[in-house]
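Close look at the chain arrangement
Take a look at the letters that make up each chain.
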Amino acid sequence: MSKIMVFAQLNGGQVQKVALEIITKARSLGDVTAVVLGQGAAGQAALLGQYGASRVLVHDDTAYDQFLSEPAADTLGTLVETEKPDLLIVGTTYDGRDIAARLNARLDCGVITDAYEISLEGDNLKVQVPWYSATTIVDVTLQGGITRLLLVKPKSFAAEPLEQPLQPQVEQISAAISDSARRAQVTENVVQKSEGPRLEEASVVISGGRGLKQAENFSLLNELAGQVNGAVGASRAVVDAGWVPYSYQVGQTGKTVKPSVYIACGISGAIQHTVGMKGAKYIVAINTDPDAPIFKFADLGVVGDVLKIVPALTQEIKQRKG
Amino acid sequence: MNIVVCVKQVPEPTGTNRLDPASLRIMREGVDSVLDPADEYSIEAALQIAESQPDVNITVVSMGPERAMEAIRRGLAMGATKGVLISDPALAGSDALTTAKVLAAAIKRENPDLVLCATESSDAYTGMVPGGIAQHLKMPLLSYAKKLQVSGGKASIERQTESGFQKVEASLPVVVTVTGSINTPRYPALKGIVQAKKKPVDQLTAADLGFSPDQVGEKGAKEKVLGWSPAEQRKAGTVIKDDGTAAVQIADFLAKLKVI
């Protein structure tokens, strides 16, 4: 049986959903050991068992929350060296990427980023990766070494609990965190709250781009979102311009969303954006430019002015709801 | 203070990259290549530090084919002090692991206080190189910076997170990755472009940095491509021109999907 180690990252003491998605996939590949580092680690074991972890290694230490990447990379590196799993799988989050990059260098192992299908038979690893903004699916493998490192983006797999949860064996990690790993110190955490459902979870996403002309016009999207219980997203251009926070960004360097309906408002549909939203079941696009690439794959495309159509749509929905 | 900025020459990112079916690498023939726009932010960040304090040297480092010299020249035209180009046929086909190793070896020679990188390149998007460099150079990594301040032997950043941002700091030397919201990169002035041609650029091979040809490039890469297929593409639906009824038509569509 293959040994799969999954780094189950915490966010505010809770295991991140991407970890449950990865464990769901990993349980079909072999025996799953989840590693949880940070405050509240031990409390997550039962949840991880529900998704298929048979063993949970925990280290409840504040250093993982206070210092970037090095404490977690050190602990995981030592674990991999002693446990020698066949795969170490990490979720593609900001922290996950930093930690994986350090592990890649430390372990001198290969890494596959953005794995979206994984098969492992004996020693034969085959991973499917979308390349070139998901226009090409490439089958890759990693050669050499014992442990292979994979990164998996959120939403690559569905998180499905087992009908019969496992009761994982919980083990405390004893390794101390060295002073040399306590260098990049987090002095403050700022959470920028947005109303309504979270972008990654919402069944309706309304995204805005340059076509909104100015930051203030994002309020039109908020009003529409309020009527359909949707979340508001954005293209990279307007995030870089500072109209909305980074947490709004959908696309290659932002979030991947898979809502039932994605309404693109004033977004041309650059490939770096569409890679984050084309998993939507239906796409509605509003854009003044009839040649905008987004019309090539929108289910309903409207050539027109977002600044007129969006408020009219909000009004229309309000009326229909009575 | 010595600042090193890592840059990369990439296929024009607004185009669609294609796989060369023969080499299974990025198709570079017949495609315009440019300094990765993501790197312009790190060069600009370095220039702003140099303008706010005395005695700052900015070295632009790139590993790539000969044409990566264009990326270095662009960085020099923006105002960097000198360049280092690591170019060697033996390096062709290197993966992120090797790239980080080779870049780290070249950066070390510059005795840097600060290493600046983009969070990821706009062609391969692995994001594995900056963290790898930090690990090899035994430096802390301040990543995803949307603000950067360097003073008193310390770097402080605002780091973007899934739900907002966090303030993070570390003593120099440090590796920092910057996002597109950190600044507005300047456009090189004509004077800068002329001066750039006279600025020194060191040219290094893999051997100069202590790597044998079988450790790097295609031979040293752990990642192997087995095969590929085009991804399934979505098809176009209905496109209408707004005649004043667009809002009603969209509402009808949403009603059909039971969103409203």
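Here the structure is shown first, and the text comes after it.
Now for a quick tour of the structure. (Residues numbered from 1 in each chain as written. Chains lettered and ligands numbered in written order. Predicted model: local features only at pLDDT ≥ 70, side-chain atom pairs only at ≥ 80, totals over all residues.)

**Points about the overall build of chain A**
Just so we agree on the cut-off: Segments assigned H or I by DSSP are reported as helices when at least four residues long, segments assigned E as strands when at least two residues long, and all are numbered from the N terminus. Note on method: radius of gyration uses C-alpha positions; expected globular size equals 2.2 Å times residues raised to 0.38. Exposure in this text rests on C-beta crowding, where 20 or more other C-beta atoms within 10 Å of a residue's own make it buried, 12 or fewer make it exposed, and counts in between make it partly exposed. The C-beta atoms are placed from the backbone. What counts as a contact is two residues whose backbone-derived C-beta atoms lie within 7 Å of each other.
Along chain A, the regular secondary structure elements total 9 helices and 18 strands. The C-alpha radius of gyration of chain A comes to 21 Å, within 12% of the 20 Å expected for a compact globule of 322 residues. Oriented by its inertia axes, the alpha-carbon framework of chain A measures out at about 60 × 40 × 40 Å. The buried share of chain A, taken over its 322 residues, is 56%. Within chain A, contacts between residues at least 6 apart in sequence are counted, and of these 67% link residues at least 24 apart.

**Topic: the sheet that holds strand S17 (residues 282-287) of chain A**
In plain terms, the rule: Pairing between strands is defined by DSSP: at least two bridges between the two strands are required. Helix axes use the C-alpha atoms of the stretch in contact, all axes being lines fitted to C-alpha atoms, and the angles between their N-to-C directions lie in the range 0 to 180 degrees.
Taken together, 6 strands build an open sheet; the order of strands is S15(A)-S14(A)-S16(A)-S17(A)-S18(A)-S13(B) and the sheet is parallel. Edge strands, defined here as strands with exactly one partner in the open sheet, are strand S15 (231-234) of chain A together with strand S13 (238-241) of chain B. Each strand of the sheet is rotated relative to its neighbour by a mean of 20°, with strand direction disregarded. Inspection of the sheet shows S17(A) paired to strand S18 (residues 300-303) of chain A by 4 bridges, in the parallel sense. The residue bridging Val284(A) from the neighbouring strand is Leu300(A), located in S18(A). Against the sheet, helix H7 (residues 246-256) of chain B contacts strand S16 (261-265), S17 and S18 of chain A together with S13 of chain B, and its axis sits at roughly 170° relative to S18(A).

**Some points on unusual backbone geometry**
All names here are of chain B. Following leucine 172, the chain continues to proline 173 via a peptide bond in cis, the omega torsion being 0°. Note on placement: proline 173 falls in the loop between strand S9 (164-171) and strand S10 (174-178). The phi dihedral of asparagine 111 is positive, around 50°, even though this residue is not glycine. Topologically, asparagine 111 is positioned in the loop between helix H3 (96-108) and strand S6 (114-118).

**Focus: the interface of chain B and chain A**
Many authors give the size of an interface as the accessible area that is lost as the parts come together. Tallying the contact residues gives 66 residues for chain B and 78 residues for chain A. Mapped onto the side of chain B that touches chain A, the elements with two or more residues apiece are H3, helix H4 (129-136), strand S7 (141-151), strand S8 (154-161), S9, strand S12 (223-230), S13 and H7 of chain B. Examining the composition of the side of chain B that touches chain A, we find that 8 residues originate from one element, S12(B), more than from any other. Relative to S13(B), S18(A) runs parallel, the two being bridged by 4 bridges. Bridging from a neighbouring strand, Val303(A) pairs with Lys241(B) of S13(B).

**Description of the environment of Gly122(A)**
Along the chain, Gly122(A) falls in the loop between strand S8 (117-121) and strand S9 (124-131). The class for Gly122(A) is exposed, based on 7 C-beta atoms found within 10 Å.

**Here's the deal with the nonpolar core**
Applicable threshold: Throughout this description, the term nonpolar core refers to a group of buried Ala, Val, Leu, Ile, Met, Phe, Trp, Tyr and Cys residues whose C-beta atoms join them within 7 Å.
Core analysis: the biggest nonpolar cluster contains 133 residues, and Val6(A), Ile23(A), Val5(B), Leu103(B) and Val176(B) have the highest contact counts within it. It is H3(B) that contributes the most residues to this core, 8 residues altogether. If sequence neighbours within four positions are ignored, Val5(B) has contacts with Ser42(B), Ile43(B), Ala46(B), Ile58(B), Val60(B), Gly75(B), Ala80(B) and Leu116(B).

**A word on the packing of helix H5 (residues 94-107) of chain A against H4(B)**
Formally: When an angle is under 35 degrees it counts as roughly parallel; over 145 it counts as roughly antiparallel; between 65 and 115 it counts as roughly perpendicular; any other value is oblique. Here a crossing is called left-handed whenever its near helix is offset anticlockwise from the far helix by less than a right angle, and right-handed whenever the offset is clockwise. Gly is put with the polar residues, along with every residue not named as nonpolar or charged; the nonpolar set is Ala, Val, Leu, Ile, Met, Phe, Trp, Tyr, Cys and Pro, and the charged set is Asp, Glu, Lys and Arg.
In the contact formed by H5(A) and H4(B), the axes pass within 7 Å of each other and the chain directions differ by 55°. Viewed along their axes, H5(A) and H4(B) adopt a mutual orientation that is oblique. Judged by the sense of rotation from one axis to the other, the crossing of H5(A) with H4(B) is right-handed. Taking contact as the criterion, the partners of Asp98(A), Ala101(A), Arg102(A), Asn104(A), Ala105(A) and Arg106(A) in H5(A) are, on H4(B), Pro130(B), Gly131(B), Gly132(B), Ala134(B), Gln135(B) and His136(B). Tallied by class, the residues present in the contact of H5(A) with H4(B) amount to 4 nonpolar, 5 polar and 3 charged.

**With respect to the sheet that holds strand S5 (residues 82-86) of chain B**
Pairing within the open sheet is mixed, and its 10 strands lie in the order S13(A)-S9(B)-S8(B)-S7(B)-S10(B)-S6(B)-S1(B)-S4(B)-S5(B)-S11(B). Both outer strands of the open sheet, strand S13 (185-191) of chain A together with strand S11 (201-204) of chain B, are each paired with one neighbouring strand and no more. For this sheet the average axis-to-axis angle between neighbouring strands, irrespective of direction, equals 25°. Pairing of S5(B) with S11(B), which is carried by 4 bridges, proceeds in the parallel orientation.

**Some remarks on the pairing of strand S14 (residues 204-208) of chain A**
Residue and element names in this part refer to chain A. With 5 of 5 residues buried, S14 lies mostly within the body of the structure. The alternating pattern of S14 places Val204, Ile206 and Gly208 and Val205 and Ser207 on opposite faces, both of which are buried. One ladder, built from 5 bridges, connects S14 with S16; its direction is parallel. For valine 204, the partnering residue across the bridge sits in S16 and is valine 261. Sheet analysis places S14 next to S15, joined by 4 bridges and oriented parallel. Residue pairing in the sheet places isoleucine 206 in a bridge with valine 232 of S15.

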